[in-house]
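Coordinates in review
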Amino acid sequence: MSPEAERLLHALTDPAAAPLENEPVDLDEVDAEELGTLHVAATRVHLGEVPPAVARVWSEVMRGVRGRQVRYTPEACREMFEVLFEEYRSTGVPVHLRELLNVVEQCTGTMPDLPDLPELVSTLVELACEQRRLRQPYVLLALAWRAGEEAVQGLVARLAKEMGPIVAEEMAVMAGLGRSAQGLLLRLDEEQRYGDSDPALWQSLADSSAYAVFARRALEAALVRAEAIQAGEIPYRADKAFTDREVITLGQALRVALRRDEDWLPELCERLLPAVTLAPGTAKTLPSQALLYEVVRAVQTFPTPELVAILRTVRRTVRHAGVPKQLDKLLKKADAALAERTDVALRLPRLDFDDEGVLRRRAGECEGVLTVTDTAVLTWEKDGRPLRSAPAAVRRDHAPLVKELRDLGKRVNAQLATLLRALEGGFVVDATYAYGWWRAELAGHPLARTLVRRLIWEVEIGPGRRQAVLPATDADLPEAADDARVRLWHPQRSEPDAVREWRALLTEHEVRQPFKQAFREIYLLTPAEEETRTYSNRFAAHLVHYRKMFALFRARGWRSELLGHWGDGEDWAERLMDGGRWRVCFRHLWHPASGAQELASTDRVRFDRKESGTWHQAPLADVPPLIFSEAMRDIDLFVGVCSIAADPDWTDGGPERAYWERAGFAELTESAEARREVLQRLLPRLKIAERCTLDGRFLVVRGDLTTYRIHLGSANILMEPRGAYLCIVPDRRSSSIRGQVFLPFEDERLGLILSKALLLAADTEITDPSIRAQIERGR
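Cut-offs applied
- Residues numbered from 1 in each chain as written.
- Predicted model: local features only at pLDDT ≥ 70, side-chain atom pairs only at ≥ 80, totals over all residues.
- Heavy atoms only, no water.
- Helix = DSSP H or I, 4+ residues; strand = E, 2+ residues; numbered from the N terminus.
- Expected span 1.5 Å × (residues − 1).
- Buried < 20%, exposed > 50% of the residue type's maximum accessible area, 1.4 Å probe, protein only.
- Salt bridge = Lys/Arg side-chain N within 4 Å of Asp/Glu carboxyl O.
- Pairing = 2+ DSSP bridges.
- Axes fitted to C-alpha atoms, helices over the stretch in contact; angles between N-to-C directions.
- Contact = heavy atoms within 4.5 Å.
- Polar contact = N/O pair within 3.5 Å; in protein donor to acceptor, adjacent residues only side chain to side chain.
- Phe/Tyr/Trp six-rings, centres within 6.5 Å; stacked < 30°, edge-to-face > 60°.
- Disulfide = S-S within 2.5 Å.
- Parallel < 35°, antiparallel > 145°, perpendicular 65-115°, else oblique.
- Nonpolar A, V, L, I, M, F, W, Y, C, P; charged D, E, K, R; others polar.

A separate point is helix α16 (residues 305-317). With 13 residues, α16 extends 19 Å between its outermost C-alpha atoms, agreeing within 8% with the 18 Å of an ideal straight helix rising 1.5 Å per residue. Among all positions of α16, only Pro305, Leu307, Val308, Ala309, Ile310, Leu311 and Val314 are buried.

See below:
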């Protein structure tokens, strides 16, 4: 041992005889094995109060252990076990299992050098049971594995008794897989305790065929137990069907099965989930509420359309009053995640619909008809003639069928919403599909066809050559091989003339797209962003309704922590893009002076790129143009929809009012510019065309009483000639213009602008006294 190590060890073991309170400590003179010996001695010192005479030595040694490689002799390993055992027996402080494992892993000896390791591990298991510390079974397994077969068998037997047979079987399987797989599960277990785990770790576990076999056995064992409870073979106790650790193990097994997209899983879950969510008899409790929520969390990690549909079915049947609301919240996250998992999200069952998307069911003399267009709509017919609603006799005599059709309509609508999210999400991963599969499973699918055929697609017709096609207007699809690739067309990848042609075609044929595609906004780097280089202030300094924006974050697949009067009052909302290779971050801050209004202010946007598993902030010029455009489009949506400038009823004063007046009539963003182009095409087709003109950022409407200027961003209105503000609060029950005016895509703000224009063009017919009084005062 080096002189410095001997000096420090002497001080730690006999501080009174060798005080080093004010003397320097030089750990550079101490090697890794000597540092391990010092670590054990410092841990023993820590059993009581650290004497002032060695406080500095103790602190430097512990800091050195954290920052350097440490090795332990067999004697040091054994002593560390004894020290930690002694600490528990004298103080009751739980044994730090992870620290012990680190010591054993860095031991310089082998099993023959530590013949009493099995006995030490056995003692450790007993202490862990006393402490109820068995929530770290993977650490115990790693220690037992190093102690030998007998120690592993003893641990498995004890875990079966304390944690349940499903956990014990997993431990037995993991013991046979060796050190690498054990380390993988150890990392997953630790990451899940402190937050979300890395999907790459789940992929590594899913690649293990032995664990995949166990995953199926574990879920089958859970099904057997749940059905035994339903049959009365096992006494029912609310939420006690599985131990806490079994729930975690089953969640891990389910994630592996979901990641592998196992074909046996949906059928098993169709039986398992009802069995764990409905108590035998009529009780409103659940056999395992914990397992239900663990299943939902697993589905959030690796969603499939089948599991999401099964969970929605369970949500409608569960009796517990609080569960449906919680499931609704969790399923929103699953829907957003499914849209990002484009490899599985596009699977749609046919559900007995015919090729035209129609399903018919007899109910006595009547027939229920489910028809899929934009959504699934249930109507009723008698002798081939449509009825206004289901007759009373049908509702009375065929109630189960009526409920089945209504539920099926809801299920189809949820699947169509997920399909559209997945298709639109495919933009940022450049998703492509085999042409043969696309023709059969998307363009020709009875549920998807009406949506898919109204989108523009690019078909690979030769090396480096693609042909754009809109199936709704093109009777004949391009000739191409079944394995040719097809993808959604995006305006950013096209020439401006081609974009204009598609927009004209949609307008001429009145093809309403299920999401904005031909008229999709394109966001390019601005000179200001080239100047700032690594961040954008394009959407900074806006005041927004925070709760509304937070809900939009969730709906668009962004992650963010809820802000409020607590905490530091700021957060970076994040969205992963391009398969997790890019991350866009949007800073926003709680506005403390907003009071009950709950406002937030917006700040900068940055982009991070993942390199070698680590995120690094990237220059904006390095971000792929389509990734940049789609990310900024989301943020434009957040600000445009949630800004108080778009609130026609805003009356508060102060700086918030000054912002409202400034932003409510500001220069147009890209989304408002796109709105302007649509209006250029639509206005000549309207009956009020002669009364409307576009003037910069405004739609000018000439009424009989005065002239109005409607801002194309906020939809706020000014009256000429004095510029007085006209407040018209939309009535959502009557302001929809669908059916009155063709719109090429769904845009609530565009619909609001047009509904106001139609109203004001005939201002002498307005009957609302508040609006009439404002017009009289303002003109």
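Turning to the pattern of salt bridges, a few remarks are in order. Under the counting rule described, the total for this entry stands at 59 salt bridges. One salt bridge in this structure joins Asp261 and Arg347, with 2.6 Å as the shortest N-O distance. You can see Asp261 sitting in the loop between α13 (244-260) and α14 (265-277) and its partner Arg347 sitting in the loop between α18 (342-345) and β1 (358-363), a full 86 residues away along the chain. Overall, Asp261 belongs to the partly exposed group, its relative accessible area being 30%.

Time to look at unusual backbone geometry. In terms of backbone geometry, most residues other than glycine have negative phi values and most peptide bonds are trans. Omega for the bond connecting Glu720 with Pro721 falls within 30 degrees of zero, at 5 degrees, which places this linkage in the cis form. Among the structural elements, Pro721 can be located in the loop between β17 (717-719) and β18 (724-726). Phi is positive for Asp383, which is not a glycine, with a value near 55 degrees. Among the secondary structure elements, Asp383 is positioned in the loop between β3 (376-382) and β4 (385-387). With a relative accessible area of 64%, Asp383 lands in the exposed category. Not every positive phi belongs to a glycine, and Asp430 is a case in point at roughly 50 degrees. Examined against the element boundaries, Asp430 turns out to sit in the loop between α20 (399-425) and β5 (433-434).

It is worth spelling out the sheet that holds β17 at this point. Strands belonging to one sheet form pairs held by backbone hydrogen bonds; the direction of such a pair is parallel or antiparallel. The five strands are arranged β14-β15-β16-β17-β18 in an open sheet whose pairing can be described as antiparallel. Among the strands making up the open sheet, the edge pair consists of β14 (692-695) and β18. With direction set aside, neighbouring strand axes in the sheet form an average angle of 30 degrees. One ladder, built from three bridges, connects β17 with β18; its direction is antiparallel. Paired with Ile717 across the two strands is Leu726, which belongs to β18. Where helix α30 (residues 769-778) meets the sheet, it contacts β16 (707-711), β17 and β18, and its direction lies at approximately 170 degrees from that of β18.

On the basis of which strands lie adjacent, the open sheet formed by four strands has the order β1-β2-β3-β4 and antiparallel pairing. The open sheet has two edge strands with one neighbour each: β1 and β4. In this sheet, neighbouring strand axes are inclined to one another by 35 degrees on average, regardless of whether the strands run parallel or antiparallel. Summarising the sheet, strand β2 (residues 366-372) and β3 pair through seven bridges and their orientation is antiparallel. Residue Glu367 lies in a different strand from β3, and its bridge partner there is Glu381. Contacts from α20 reach β1, β2 and β3 within the one sheet, and its direction differs from that of β3 by about 150 degrees.

Turning next to the environment of Asp239. Note that Asp239 resides in the loop between α12 (209-230) and α13. With 40 residues separating them in the primary sequence, Asp239 and Ala279 have C-alpha atoms 9.5 Å apart. Asp239 has contacts with Leu286, Pro287, Ser288, Gln289 and Ala290, leaving out every residue within four places of it along the chain. Side-chain polar atoms of Asp239 contact the backbone nitrogen of Ala290, separated by 3.2 Å.

So, on to the packing of aromatic side chains. Inspection of the entire model under this criterion finds 19 aromatic pairs. On the basis of an interplanar angle of 35 degrees and a centroid distance of 5.6 Å, the ring pair of Phe607 and Phe628 is categorised as tilted. Here Phe628 lies in helix α26 (residues 625-642) and Phe607 lies in strand β12 (residues 599-611), a separation of 21 residues in the sequence. For the pair Phe607 and Phe628, a shared accessibility class is recorded, and that class is buried. Aromatic side chains Trp660 and Tyr725 sit 5.0 Å apart centroid to centroid with 90 degrees between the ring planes, which places their arrangement in the edge-to-face category. Taken together, the residues span a long stretch of sequence, with Trp660 in helix α27 (residues 654-663) and Tyr725 in strand β18 at a distance of 65 residues.

Bringing the state of the cysteines into the picture now. A complete count under the given rule lists zero disulfides for this structure. In this structure Cys642 is a free cysteine whose sulfur lies 19 Å from that of Cys585, the closest cysteine sulfur available.

On to the pairing of β14. Pairing between β14 and strand β15 (residues 698-702): four bridges, direction antiparallel. Its bridge partner lying in β15, Thr693 is registered against Val700. Hairpin geometry of β14 and β15 is characterised by an intervening segment of two residues between the two adjacent antiparallel strands and by a positive phi of about 60 degrees at Gly696.

Looking now at the pairing of strand β8 (residues 485-488). Of the strand pairs in this sheet, β5 and β8 are connected by two bridges, and their pairing is antiparallel. Bridge assignment links Tyr433 to a residue of β8, and that residue is Val486. Here three bridges tie strand β6 (residues 457-462) to β8, and the two strands are oriented antiparallel to one another. Bridge pairing in β8 places Trp457 opposite Leu488.

Here helix α4 (residues 74-91) crosses helix α5 (residues 97-105) at 170 degrees, and the two axes come no closer than 9 Å. Here α5 runs roughly antiparallel to α4, going by the angle between their axes. Residues Cys77, Met80, Phe81 and Leu84 of α4 lie in contact with α5, whose contacting residues are Glu99, Leu100, Val103 and Val104. Split into classes, the residues belonging to the contact of α4 with α5 amount to seven nonpolar, no polar and one charged.

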